[in-house]
Amino acid sequence: MISRNRFEQRFRAALLAVLLATVVPTADSRTSQHAPVTRTRASQHGIEKLALAANKRGLRHLANGRYKEALEAFGEAIALMPTGAISYANRATVWLKKGDRGKALQDCTKAIEADPETARWYVMRGAILSLSARWRDAAEDLTHAIELEPGSASVYRLRASAYESLGSFNQAIADYNEVIRRDPGDATAYADRAYAHYEAGEYDLAIADYTKVLEMEPANAHALNDRAIAHERKGDYNAALADFARAIELDPKQPEYYYNRGSMRFRLGQDEAAKADLDVVVKLAPNVPSSLVKRGYLLSKHWDLKRANADLDRAIRLDPGDANAYFSRGILRLRENDADGALADFNKAIQLGRGSTEYLVKRAHAYVDKKEFVKALEQYDFALTLDPANGEAHFGRGNVYKEQGKLDEALSEYNEAIRLEPREAATYVNRGIIQQLKRNYDEAIADYTEAIRLSHPRVEQAYQNRGNAYLSIGRYLEAVADFDEAIKRKPDNFSCYLQRANARKALGRAEEARRDYETVLRLVGTNAEVCNSLAWSLAASPELPFRNAEMAVSLATQACELTKWSNPLFLDTLAAAQAEAGNFAEAIRRQQKALEMIPSADPNAGGMRERLALYQNNTAYHDAH
C-alpha cells in the first residue's frame with residue numbers, strides 16, 4: 001500500500017500555514033460592527049484603539065515566542081472587546097503553539113459566534129478539528145467556509161484530506177479536481193489526487209496522475225515509488241520493478257523504496273531478491289521493526305534460525321506492541337520444535353492483534369505439536385467460523401487426524417485444503433503421506449511430484465517420501481534418484497542414507513549400500529534412542545523393501561552397548577533384529593533376558609512374551625500394516 005507519510009507531511013504543513021497565519025487587526029476591522037450599543041461613539045473609538053494596541057502587542061510577543069505575554073495581551077483585547085473575533089482567533093493561534101487544541105477550539109468557536117460570516121474562522125476551526133482527527137466536523141466547517149468564500153484552493157485541499165480520512169474518496173477526488181482546475185501546474189495536487197484514486201481502487205487513474213506528476217517533475221522519486229505500488233496492485237509487476245529501480249537510482253539512500261520493492265518480492269515468493277532488498281533497508285534504517293520482521297520471517301522460512309531469532313528479538317525490543325513480530329517469532333519457534341515458546345508468542349500476537357484468523361490457525365498448529373488435539377481442533381473450528389475458506393485450517397485439521405491415525409478424515413481435510421489453496425505444496429506432501437499409509441502408492445507419488453513442482457521450501461521431504469513410495473513398489477532406480485536429491489539438499493539426513501542403502505541393496509549394489517550404512521552409523525552412532533528406533537524399523541517394518549536384518553542387528557547392538565545392556569526395550573529390539581536375520585536362538589536368548597529385566601506388570605511385557613513365542617516357532621516379528 002502507498003505510504004501516507006508524505007501526504008500527511010504536506011497536509012500538516014498546509015494546516016500549520018493556515019493555523020499559524022495570525023490576523024493583524026486594523027482600525028476599521030469588522031469587530032467594530034459588533035460593539036455594545038450602550039457605548040457612545042467616542043468611547044467606543046477609544047476602546048477599539050486600546051484593543052488594537054493590545055492585539056498588536058500580543059502579535060509581537062507571539063512572534064518572539066513569548067506565549068505567556070501574548071496570551072495576556074490577547075486576553076486584554078478580548079476583555080476590552082468581548083465580541084472581537086480577531087482577538088479570539090489570534091489567541092487560538094497561541095494555544096496551538098502551546099499544544100492546547102481544546103482551548104484553541106474554544107477560541108475559534110467564540111470567533112465564529114462573534115463573526116459568523118467570515119470564512120477564515122471556519123477554516124481555522126476545521127484545521128484544528130483535522131489535527132484532532134475529528135474529520136466529519138472538520139469537513140462540515142470547511143464546507144461552510146467554501147460556501148462563504150468559494151475561491152480558496154487551500155480550503156478545498158484541506159477538505160479533501162478530511163474526506164479521505166473518512167473514506168469518502170470520491171468527494172476527496174472532487175475537491176482535488178477543484179484544486180487542479182484553479183492551478184493545473186500544481187504537481188502536489190496531482191500526487192494527492194493519485195493517492196485518493198489508489199485508495200478508491202482506481203489504479204489506472206492513480207497511475208495516470210503519478211505520470212502527470214513525473215511529466216512535471218521527472219526526478220520525483222517519491223512519485224515513481226508510489227506509481228510502482230499502483231502498478232503492483234494492478235498485477236503489472238514488470239512496470240512496478242522498473243519504477244522501483246528508477247526511484248532507487250534517483251535516491252539510493254531512501255530505505256522506503258527498497259522496503260516496498262522487497263515487500264512486493266516477498267509476496268511474489270521471490271525470497272532471495274526480497275531478502276537482498278531488506279538487507280539494504282536494515283543497513284540504511286536499522287531500527288525499523290517491520291523490515292526486521294519480514295527479514296526474520298524469510299530467514300526462518302529458509303531455516304536460518306539463528307539469524308531469524310536475532311531479527312525478530314530485535315524487532316520486539318524496538319516495538320513490544322508489534323503483533324506481527326510475535327506471530328513471526330511463533331512460526332520460528334515451531335520450526336525450532338519449541339511448541340511452548342510458539343504458543344506463548346501466538347497468544348501474545350492474538351492479544352495484540354485481536355484474534356486474527358491467521359493467528360488462531362498458527363496457535364492451533366502449536367497445540368498439535370504439543371499433542372493437545374482437542375484444543376487444536378477448537379482453534380481450527382473457530383478460525384473456520386471466521387473464514388470458512390481458510391485452507392490452512394483444513395490443513396491443520398488434517399494434521400490432527402493424521403496424528404490420531406484417522407486416515408480417511410485426514411484425507412478429506414487435505415482434499416478440501418487443496419481445493420481452497422491449490423498451490424500450497426505442504427498439503428500435497430501430507431496428503432501423499434496419507435495415500436502412502438493407505439498403500440495408494442501411485443496417488444502418493446503424484447502428490448509428492450506436485451509438491452516438488454511447486455518448490456516446497458523443504459522439498460527434500462517430498463523427494464524422500466516419493467523415494468519411499470518408489471521403494472515400496474519396487475521401482476528402485478527412481479527411489480535411489482529421489483534419495484540422491486533429498487541428500488543433496490540435506491546431507492545430514494541419516495534416514496535418507498538408510499533408505500537409499502535398502503534401494504541399492506535391492507539393485508545388487510552391495511558396496512554402495514555398505515557405504516550408506518557406514519554413513520548412518522557415523523551420523524547416529526552416539527545416540528542410543530535413534531539407533532534403537534532405526535533398528536526396530538529395519539527389523540519389524542511390515543513392508544519387505546524397508547527391512548534390513550544386517551543393519552538392524554548392527555544398530556540394535558550399538559544401542560545396547562551405548563546403554564551398557566541395561567535397557568530391556570533395546571534388548572527387545574535386538575531380539576527382533578536377530579530373528580529377522582534368522583538367528584532365532586540368539587533372538588530367544590535376548591528376549592528372555594529382556595523379560596527378566598522388566599516387571600511382569602509393565603505394559604510392554606505382554607508384547608515381549610508374544611514375540612518370544614514367535615521366535616520359539618522360528619518366526620520373525622513384523623508390525624501390523
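Computed from a predicted model, the values in this text were never measured in an experiment.

Our next topic: the layout of surface pockets. Taken as a whole, the second largest pocket spans an internal volume of roughly 740 Å³. Looking at the second largest pocket, it is lined by 25 residues, and the ones nearest its centre are Leu437, Asn468, Ser541, Glu543 and Phe546. Listing elements by their share of the lining of the second largest pocket, those giving two or more residues are helix H24 (425–437), helix H25 (441–453), helix H26 (459–472), helix H28 (494–506) and helix H30 (528–540). The element contributing the most residues to the lining of the second largest pocket is H30, with five residues. Residues that form the lining of the second largest pocket fall into these classes: 12 nonpolar, 10 polar and three charged.

With that out of the way, let us pick up the confidence of the model for the protein chain. In the predicted model, the protein chain carries a mean pLDDT of 89, and the fraction of residues at 70 or more is 92%. Across the protein chain, element-level confidence peaks in helix H23 (residues 407–420) with a mean pLDDT of 97 and bottoms out in helix H1 (residues 5–19) with 52. When the criterion is pLDDT under 50, residues 26–39 qualifies, and its contacts beyond four places in sequence or with other chains add up to 20 contacts.

Most peptide bonds take the trans form, and the phi angle of most residues other than glycine is negative. Phi at Ala133 is positive, roughly 65°, even though this residue is not glycine. Its location among the elements puts Ala133 in the loop between helix H6 (119–131) and helix H7 (135–148). On the basis of relative accessible area, Ala133 is assigned to the partly exposed category, the value being 46%. Phi is positive for Asn618, which is not a glycine, with a value near 55°. Residue placement: Asn618 occurs in the segment after helix H34 (605–616). Classification of Asn618 by relative accessible area gives exposed; the value is 54%.

The subject of this paragraph is the packing of aromatic side chains. Within this structure, the stated rule accounts for six aromatic pairs. Among the aromatic residues, ring-to-ring pairing joins Phe327, Phe346 and Tyr359 into one connected group. Residue placement shows Lys294 over the ring face of Phe266; its charged tip is 5.9 Å from the ring centre. Here the basic side chain of Lys348 rests over the ring of Tyr326, its NZ or CZ set 6.0 Å away from the ring centre.

This part takes up helix H8 (residues 153–165). The end-to-end C-alpha distance of H8 is 19 Å, a good match for the 18 Å that 13 residues give at a rise of 1.5 Å each. Counted residue by residue, H8 has 10 buried out of 13 residues, so it is predominantly covered. Here H8 has its buried residues at Val155, Tyr156, Arg157, Leu158, Arg159, Ala160, Ser161, Ala162, Tyr163 and Glu164. Note on H8: the residue one or two positions beyond its end, Gly167, has a positive phi of about 80°.

Let us now look at the pattern of salt bridges. With the rule as written, the count across this model stands at 51 salt bridges. For the salt bridge of Arg125 with Asp141, the shortest nitrogen-to-oxygen distance reads 2.6 Å. Taken together, the residues span a long stretch of sequence, with Arg125 in helix H6 and Asp141 in helix H7 at a distance of 16 residues. Overall, Arg125 belongs to the buried group, its relative accessible area being 18%. A relative accessible area of 7% places Asp141 in the buried class. The salt bridge partner of Asp311 is Arg295, with a shortest N-O separation of 2.6 Å. Of the two residues, Asp311 sits in helix H17 (residues 305–318) while Arg295 sits in helix H16 (residues 289–301), which places them 16 residues apart along the sequence. When its relative accessible area of 12% is taken as the criterion, Arg295 is described as buried.

Our next topic: H23. The end-to-end C-alpha distance of H23 is 20 Å, a good match for the 20 Å that 14 residues give at a rise of 1.5 Å each. Every buried residue of H23 is accounted for by Ala410, Leu411, Glu413, Tyr414, Ala417 and Ile418. Projected down its long axis, H23 shows its buried positions confined to an angular sector of 165°, all on one face. Exposed side of H23, more than 90 degrees from the buried face: Asp408 and Arg419 are the residues found there. Contacts from the buried residues of H23 go to helix H22 (391–403) and H24.

Our focus in this paragraph is the packing of H17 against helix H18 (residues 323–335). Contact geometry for H17 and H18: axes closest at 9 Å, N-to-C directions at 155°. In this view, H17 runs roughly antiparallel relative to H18, as classed from their interaxial angle. Remark: the crossing between H17 and H18 carries left-handed chirality. Across the interface between the two elements, Leu305, Ala308, Asn309, Leu312, Asp313, Ala315 and Ile316 from H17 touch Ala325, Tyr326, Ser328, Arg329, Leu332, Arg333 and Arg335 from H18. In terms of residue class, the contact of H17 with H18 is built from eight nonpolar, two polar and four charged.

Here Arg66 shows up in the loop between helix H2 (41–63) and helix H3 (67–80). C-alpha of Arg66 to C-alpha of Leu471: the two residues are 405 residues apart in sequence and 88 Å apart in space. If we ignore the near neighbours within four places in the chain, the residues touching Arg66 are Arg60 and His61.

Let us now look at the environment of Ala366. One can find Ala366 in helix H20 (residues 357–369). The spacing of Ala366 and Leu343 is 23 residues in sequence and 5.7 Å in space, taken between C-alpha atoms. Apart from the residues lying within four places of it in its own chain, the contact partners of Ala366 are Leu334, Ala339, Ala342, Leu343 and Phe346.

Its relative accessible area of 5% is what places Asp311 among the buried residues. Through-space distance from the C-alpha of Asp311 to that of Asp100 is 40 Å; in sequence the pair is 211 residues apart. In contact with Asp311, other than residues within four places in its own chain, are Leu292, Arg295, Gly296 and Leu299.

Bringing the packing of helix H10 (residues 187–199) against helix H11 (residues 203–216) into the picture now. The interhelical angle for the contact between H10 and H11, taken along N-to-C directions, is 165°, at an axis separation of 8 Å. Of the possible angle classes, the one that applies to H10 and H11 is roughly antiparallel. Read as a crossing pair, H10 and H11 show a hand that is left-handed. Contacts between H10 and H11 pair Ala187, Tyr190, Ala191, Arg193, Ala194, Tyr195, His197 and Tyr198 from the former with Tyr203, Leu205, Ala206, Asp209, Tyr210, Lys212, Val213 and Met216 from the latter. In terms of residue class, the contact of H10 with H11 is built from 12 nonpolar, one polar and three charged.

Parameters and conventions
- Residues numbered from 1 in each chain as written.
- Predicted model: local features only at pLDDT ≥ 70, side-chain atom pairs only at ≥ 80, totals over all residues.
- Heavy atoms only, no water.
- 1 Å grid on protein atoms, 1.4 Å probe; cavity = no way out; pocket = protein on both sides within 12 Å on 5 of 7 lines; lining within 4 Å.
- Points joined across faces, edges and corners; volume = space filled by probe spheres on them.
- Helix = DSSP H or I, 4+ residues; strand = E, 2+ residues; numbered from the N terminus.
- Nonpolar A, V, L, I, M, F, W, Y, C, P; charged D, E, K, R; others polar.
- pLDDT = per-residue confidence, 0-100.
- Contact = heavy atoms within 4.5 Å.
- Buried < 20%, exposed > 50% of the residue type's maximum accessible area, 1.4 Å probe, protein only.
- Phe/Tyr/Trp six-rings, centres within 6.5 Å; stacked < 30°, edge-to-face > 60°.
- Lys NZ or Arg CZ within 6 Å of the ring centre and 35° of its normal.
- Expected span 1.5 Å × (residues − 1).
- Salt bridge = Lys/Arg side-chain N within 4 Å of Asp/Glu carboxyl O.
- Arc of directions from axis to C-beta.
- Axes fitted to C-alpha atoms, helices over the stretch in contact; angles between N-to-C directions.
- Parallel < 35°, antiparallel > 145°, perpendicular 65-115°, else oblique.
- Left-handed = near helix turned anticlockwise from the far one by under 90°.

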